[in-house]
Structures are given as C-alpha cells and as structure tokens.
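Spelled out from the first residue to the last, the chains are:
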Amino acid sequence: MAIEGFENHPIDSLFLYIQNDKELMKEYLDLVAENGDLGKVNRMIARQFAVQHNTHSNGMRNENPNSTLIQSHALLED
C-alpha cells in the first residue's frame, strides 16, 4: 500500500519528504524566500522531478495532496 501510494503520487510524496526532513525544509524555505514566489519554487521542483524521471503531466491534477507545502499537483504519466 505504501509503495503504491508513493508510485501513484510521486510529486506529493516528494513534497511530504521535504516537509518531514528538517534540513530539506530549511533549504526549501530559503529557496522560497530567495525567489519570493512559493508557486514558482513548487513548479520548479515538480518540473525537475519530472525531467529526472523522464515523465510529464497526464493533464490531470490531484487537488487534495497530503503535503501541506502544495495545494495541488499534476498527475504524471507512467
């Protein structure tokens, strides 16, 4: 169940990982402060994840993520 949850929502899982890791959360907050735009930083992180995993959005969104760092996220193609 946990693996399936991660695989079905990897962007949400990534942001959960960031928010639960003290050092990563500090880096994230510093990046947001430096850019002055939370949405821009979140999109940048999500795009980088998609590029590194050779995937892209399937056109659908999850409007109820588990991470409190994001309000929604794109669902990725397999």
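Shown above is the structure to which this text applies.
The end-to-end C-alpha separation of helix H4 (residues 38-52) is 21 Å, in line with the 21 Å expected for 15 residues at 1.5 Å each. All buried positions along H4 are accounted for by Val 41, Asn 42, Ile 45, Ala 46, Phe 49 and Ala 50. Residues of H4 that are buried make contact with helix H2 (10-19), helix H3 (22-35) and strand S2 (73-76). Between the side-chain oxygen at the start of H4 and the backbone nitrogen of Gly 39 there is a gap of 3.1 Å, and the oxygen is on Asp 37. Two residues or fewer after H4 comes Asn 54, characterised by a positive phi angle close to 50 degrees.

Moving on, we come to the side chain of Ser 72. Among the secondary structure elements, Ser 72 is positioned in the loop between strand S1 (57-62) and S2. At 2.9 Å, the side chain of Ser 72 and the side chain of Arg 61 are in polar contact. In this structure, Ser 72 is in contact with Arg 61, Asn 62, Glu 63 and Pro 65, ignoring residues within four places of it in sequence.

Next up on the list: the pattern of salt bridges. Under the defined criterion, the tally for this structure stands at 1 salt bridge. Put simply, Asp 30 and Lys 26 hold a salt bridge, and the shortest N to O gap is 2.8 Å. Taken together, the positions of Asp 30 and Lys 26, both in helix H3 and 4 residues apart, correspond to about one turn of that helix. Its relative accessible area of 39% is what places Asp 30 among the partly exposed residues.

The next point concerns the nonpolar core. In terms of nonpolar packing, the biggest core is built from 12 residues, these being Ile 11, Phe 15, Ile 18, Tyr 28, Val 32, Val 41, Ile 45, Ala 46, Phe 49, Leu 69, Ile 70 and Leu 76. Secondary structure elements with two or more residues in this core: H2, H3 and H4. Ranked by the residues each element gives to this core, the list is headed by H4, at 4 residues. Residue contacts for Tyr 28: discarding those within four places in its chain leaves Phe 15, Ile 18, Leu 38, Val 41, Asn 42, Ile 45 and Leu 69.

Further remarks concern the packing of aromatic side chains. Applying the stated criterion across every chain yields a total of 1 aromatic pair. Ring centres of Phe 15 and Tyr 28 lie 6.4 Å apart, and the angle between their planes is 80 degrees; on these two criteria the pair is classed as edge-to-face. Pair noted here: Phe 15 is in helix H2 and Tyr 28 is in helix H3, with a separation of 13 residues, a long-range link. Grouping residues by exposure puts Phe 15 and Tyr 28 together as buried.

Cut-off values and rules
- Residues numbered from 1 in each chain as written.
- Predicted model: local features only at pLDDT ≥ 70, side-chain atom pairs only at ≥ 80, totals over all residues.
- Heavy atoms only, no water.
- Helix = DSSP H or I, 4+ residues; strand = E, 2+ residues; numbered from the N terminus.
- Expected span 1.5 Å × (residues − 1).
- Buried < 20%, exposed > 50% of the residue type's maximum accessible area, 1.4 Å probe, protein only.
- Contact = heavy atoms within 4.5 Å.
- Polar contact = N/O pair within 3.5 Å; in protein donor to acceptor, adjacent residues only side chain to side chain.
- Salt bridge = Lys/Arg side-chain N within 4 Å of Asp/Glu carboxyl O.
- Core = buried A, V, L, I, M, F, W, Y, C linked by side-chain atoms within 4.5 Å.
- Phe/Tyr/Trp six-rings, centres within 6.5 Å; stacked < 30°, edge-to-face > 60°.

Treat this as a map of the structure, not an account of what it does.
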